[in-house]
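Each chain, letter by letter, is given below.
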Amino acid sequence: MSLDFVHEMSFASAILDAVMKVARENNAKRVKSVHVVIGNLLMLNPEQLKFCYDVVTKGTIAENSKLEIEVVKAKIECTNCGKVFDEYVGICDECGGILKVEGGKEMFLKKVEMEV
Amino acid sequence: MHRIEVDAEMDLLEENRRLAEKNRELLRKKNVVAINVMGAIGSGKTLLIEKTVESLKGYRVGAILGDVIAKDDYERVAKHGVKAMPLNTGKECHLDAHLVHHALEDFDLDGIDVLFIENVGNLICPVDFDLGENYRVVMVSVTEGDDVVGKHPEIFRLADVIIINKVALADAVDANVDKMVEDAKRLNPKAKVIKMDLKKGIGFDEWMEWLRCVLQSREG
C-alpha cells in the first residue's frame, strides 16, 4: 500500500499550506510547533495525521516541527430525554429518542510557534 | 533569531467547503440533481448506476466515476450510451470537492437531469469530503459481514439512502440482513434503507421510486 493511500495525507497537506501561509506572513525562518484542533467525529486518526505531517513537512521550514493535536468532542444528546452521549449511537438507549449531534467536524489551525 | 507564537485560527476545511458550495451552485443553476454514491469496494455501486441508467426512462443521466487508478467503472457505465467521465485520484482514497470541481469544468451538464458521482470504494475516507452533492447514497453488501454497518457509524449517519445489497447471498455468507437493517435505522432514523439484490432484481424498484421522487420534487 502506498504511503499516500491514507486520507490523513490530505488533511496534513491542508495543515502545511496554512502553516506556510502564517510562516510567510511572519517572515519565519523555522516553524517549531503547530497546534491544531480537530473534532472527534472527523474520520481522522491523530497518530496517522502526525505521521503524515512529518512526511509532508520534509524539506520545508516546518521540518521537524511538533504537531500538537487537540481533539474536541461533539455535543451529542437525546432530542427526547436530553441524555448526553460520548459517542454517536443513533438511538437513545434510555428512551429510544433520536440523538442530535452538534460539532465534531471542525478542524482549524490554532497556533504556530516560529523562529523569526 | 527569536521565537514567536501566533494565534492563527484558520479553518482548515474551509477550502473544501467553499469548492463544494461552488459545485452545488453550478449544479443548481443547471438544474442537475447530484448523487454521491459511496460504499465499500465490490458492494455494487457501479452496477447500481448501470442498472439505473437502463431503467430511468424520461431522464438523462450523467456519471462521474471515481477510482484511484483504472477506468473500468467508467467503461462499464459509458457503454450504456450516457455522458460519463472517469475521475482518477492518483493515490487518494476519496474524491474531494476540488477534484469534482475540475471534473465539472469539463463535464457538459446541459441536458443532464441527474449526475451520479461514484466515490472511491471505502467507508471511511470519503465521509468528510462534501463534493457539492444533493444526496448521499451509501451501499454495502452482505458479503462484507453483517457487522459492516455498525462498524462505520459516521458514513451511515450522514447518508440519505442506505442500500444493503446482495441479500440473496445472505445465507451463503451467514449474514443477518435484519441486523444490518436495524443498525442502519438506528444510526440514521431519517434515511431510506433498502434491502437489495441487484442481480436478482430485489429492492431495485424501491430505489427507482426514491430516485423518481427526488427528480420530480426538483421539477416541482
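So, here's what we can say about the structure. In this text the structure is predicted, and so the values were computed from the model without any measurement.

**Things to note about the overall build of chain B**
For step 1, the next point in the chain: A count of helices and strands for chain B gives seven helices and eight strands.
For step 2, the next point in the chain: A globule of 220 residues ought to have a C-alpha radius of gyration of about 17 Å, and chain B, at 18 Å, matches this closely.
For step 3, the next point in the chain: Counting only C-alpha atoms and orienting by the principal axes, one finds that chain B spans roughly 70 × 40 × 35 Å.
For step 4, the next point in the chain: Relative to its 220 residues, chain B shows a buried fraction of 46%.
For step 5, the next point in the chain: For chain B, the share of sequence-separated contacts (at least 6 apart) that also reach a separation of at least 24 residues comes to 73%.

**With respect to the overall build of chain A**
For step 1, the next point in the chain: Assigned secondary structure in chain A consists of two helices and six strands.
For step 2, the next point in the chain: In sequence order, chain A lays out its α and β elements as α-β-α-β-β-β-β-β.
For step 3, the next point in the chain: A compact globule built from 116 residues would reach a C-alpha radius of gyration of about 13 Å, whereas chain A, at 18 Å, exceeds it by more than 25%.
For step 4, the next point in the chain: Projected onto its principal axes, the C-alpha positions of chain A cover 55 × 35 × 15 Å.
For step 5, the next point in the chain: The proportion of buried residues among the 116 residues of chain A is 29%.
For step 6, the next point in the chain: The long-range fraction of contacts in chain A, counting pairs at least 24 apart against all pairs at least 6 apart in sequence, stands at 69%.

**A few points about the environment of B:V127**
For step 1, the next point in the chain: Examined against the element boundaries, B:V127 turns out to sit in the loop between strand 5 (114-118) and strand 6 (135-141).
For step 2, the next point in the chain: Separated by 33 residues in the primary sequence, B:V127 and B:H94 have C-alpha atoms spaced 8.5 Å apart.
For step 3, the next point in the chain: Once residues within four sequence positions are removed from consideration, B:V127 is found in contact with A:M43, B:E154, B:I155 and B:L158.

**A word on the pairing of strand 7 (residues 161-165) of chain B**
Residues and elements named next belong to chain B.
For step 1, the next point in the chain: Most of strand 7 is tucked away, with five of its five residues classed as buried.
For step 2, the next point in the chain: Neither face of strand 7 is open: one carries V161, I163 and N165, the other I162 and I164, and all of them are buried.
For step 3, the next point in the chain: Sheet topology note: the strand 6/strand 7 ladder contains five bridges and is parallel. Looking at strand 7, one finds that V138 is bridged to I162.
For step 4, the next point in the chain: Bridge count between strand 7 and strand 8 (residues 192-195): four bridges; the pairing is parallel. Among the inter-strand pairings, V161 is bridged to a residue of strand 8, identified as K192.
For step 5, the next point in the chain: In this fold, the crossover linking strand 7 to strand 8 by way of helix 6 (residues 177-187) has right-handed handedness.

**So, the sheet that holds strand 1 (residues 30-39) of chain A**
For step 1, the next point in the chain: Pairing is mixed in the open sheet, where four strands are placed in the order 2(A)-1(A)-6(A)-1(B). Edge positions in the sheet fall to strand 2 (66-72) of chain A together with strand 1 (3-11) of chain B, since each has one partner strand and no second. The mean angle between the axes of side-by-side strands here comes to 15 degrees, regardless of whether they run parallel or antiparallel.
For step 2, the next point in the chain: In this structure, strand 1 of chain A lies alongside strand 2 of chain A, joined through seven bridges in parallel fashion.

**Brief notes about the interface of chain B and chain A**
For step 1, the next point in the chain: Chain B puts 29 residues into the contact, and the matching count from chain A is 31 residues.
For step 2, the next point in the chain: Among the secondary structure elements, those contributing two or more residues to the side of chain B that touches chain A are strand 1, helix 5 (153-157) and helix 6 of chain B.
For step 3, the next point in the chain: Of all the elements, strand 1 of chain B adds the most residues to the side of chain B that touches chain A, at nine residues.
For step 4, the next point in the chain: Looking at the side of chain B that touches chain A, its residues break down into 14 nonpolar, three polar and 12 charged.
For step 5, the next point in the chain: Note that strand 6 (residues 107-115) of chain A and strand 1 of chain B share seven bridges and pair antiparallel. Among the inter-strand pairings, A:K111 is bridged to a residue of strand 1 of chain B, identified as B:D7.

**Notes on the sheet that holds strand 5 (residues 99-102) of chain A**
Residues and elements named next belong to chain A.
For step 1, the next point in the chain: What the three strands build is an open sheet, ordered 4-3-5; its pairing is antiparallel. One side of each edge strand has no neighbouring strand; the edge strands of this open sheet are strand 4 (84-85) and strand 5.
For step 2, the next point in the chain: Across four bridges, the pairing between strand 3 (residues 75-78) and strand 5 is antiparallel. Opposite C78, over in strand 5, you have L99 as the bridge partner.

**Observations regarding the pairing of strand 5 of chain B**
Each regular strand carries side chains that alternate between the two faces of the sheet.
Residues and elements named next belong to chain B.
For step 1, the next point in the chain: Within strand 5, five of the five residues are buried, which leaves the element mostly enclosed by the surrounding structure.
For step 2, the next point in the chain: With burial as the criterion, each face of strand 5 is covered, one bearing V114, F116 and E118 and the other bearing L115 and I117.
For step 3, the next point in the chain: Note: strand 2 (residues 33-39) against strand 5, five bridges, orientation parallel. Bridge pairing links I35 to F116 in strand 5.

**Details of helix 6 of chain B**
Residue and element names in this part refer to chain B.
For step 1, the next point in the chain: For helix 6, the full list of buried residues reads M180, D183, A184 and L187. Projected down its long axis, helix 6 carries its buried residues within an arc of 95 degrees, all on one side.
For step 2, the next point in the chain: If you follow the buried residues of helix 6, they end up packed against helix 5, strand 7 and strand 8.

Reading the values: rules and limits
Residues numbered from 1 in each chain as written. Chains lettered and ligands numbered in written order. Predicted model: local features only at pLDDT ≥ 70, side-chain atom pairs only at ≥ 80, totals over all residues. Helix = DSSP H or I, 4+ residues; strand = E, 2+ residues; numbered from the N terminus. Rg over C-alpha atoms; globule rule 2.2 N^0.38 Å. Buried ≥ 20, exposed ≤ 12 C-beta atoms within 10 Å, placed from the backbone. Contact = placed C-beta atoms within 7 Å. Pairing = 2+ DSSP bridges. Right-handed = clockwise from strand over helix to strand, strands pointing away. Axes fitted to C-alpha atoms, helices over the stretch in contact; angles between N-to-C directions. Nonpolar A, V, L, I, M, F, W, Y, C, P; charged D, E, K, R; others polar. Arc of directions from axis to C-beta.

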